[in-house]
Amino acid sequence: MQQLSVTLTIPIPADSIIISKVELEKLKKAQLVGVYWSMKDLENRINRKNEWIKENILYPSKFRKMLDVGSDGFVFYPKSKGQTWSFQASKMAAFLEKHFKDIFS
């Protein structure tokens, strides 16, 4: 069998780097660590209005038990008028990924 050996040079622009997919995923996850979302941030993230988010994610008891910071969750539910919602971004993003089917069924 014949073989051909080739050396190939591919230029990489100075403003670019090559990283593994694993490293890319780690970087994406690290972006959310220590970040808190407001309700507006969550609306923008999932492209739904707060009424829909409350009705389909935050208030159903099957999710509230997991989400409410009062039950060791990662969502602060306002207790009085003037308080704002707060979401631990990394955990909320993971929850949305994991429960997509449950939310939309």
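Note that the structure is a prediction, hence the values are computed from the model and not measured.

Asker: I'm lost on the layout of surface pockets in this one. Help?
Answerer: Rolled over the atoms, a probe sized like a water molecule indicates the empty space that remains. Space inside the largest pocket adds up to approximately 440 Å³. Considering the residues around the largest pocket, the lining is formed by 18 residues, among which R45, A93, A94, L96 and E97 are closest to the centre. Tallying contributions element by element places helix 5 (residues 89–98) first for the lining of the largest pocket, with five residues. Looking at the lining of the largest pocket, its residues break down into 11 nonpolar, one polar and six charged.

Asker: What is the right way to look at the side chain of H99 in this model?
Answerer: If you trace the backbone, H99 turns up in the loop between helix 5 and helix 6 (100–103). Relative accessible area serves as the criterion here: at 10%, H99 is assigned to the buried category. Those residues within four positions of H99 in sequence are excluded, and the remaining contacts are F63 and M66.

Asker: Explain helix 5 here, please?
Answerer: Count 3.6 residues to each turn of an α-helix, and residues three or four apart come out pointing the same way. Regarding helix 5, the residues found buried are A89, M92, A93, F95 and L96. Along helix 5, the residues classed as buried sweep out an arc of 160 degrees about the axis, all on the same side. Counted as exposed and oriented over 90 degrees from the buried face of helix 5: E97 and K98.

The rules behind each value
- Residues numbered from 1 in each chain as written.
- Predicted model: local features only at pLDDT ≥ 70, side-chain atom pairs only at ≥ 80, totals over all residues.
- Heavy atoms only, no water.
- 1 Å grid on protein atoms, 1.4 Å probe; cavity = no way out; pocket = protein on both sides within 12 Å on 5 of 7 lines; lining within 4 Å.
- Points joined across faces, edges and corners; volume = space filled by probe spheres on them.
- Helix = DSSP H or I, 4+ residues; strand = E, 2+ residues; numbered from the N terminus.
- Nonpolar A, V, L, I, M, F, W, Y, C, P; charged D, E, K, R; others polar.
- Buried < 20%, exposed > 50% of the residue type's maximum accessible area, 1.4 Å probe, protein only.
- Contact = heavy atoms within 4.5 Å.
- Arc of directions from axis to C-beta.

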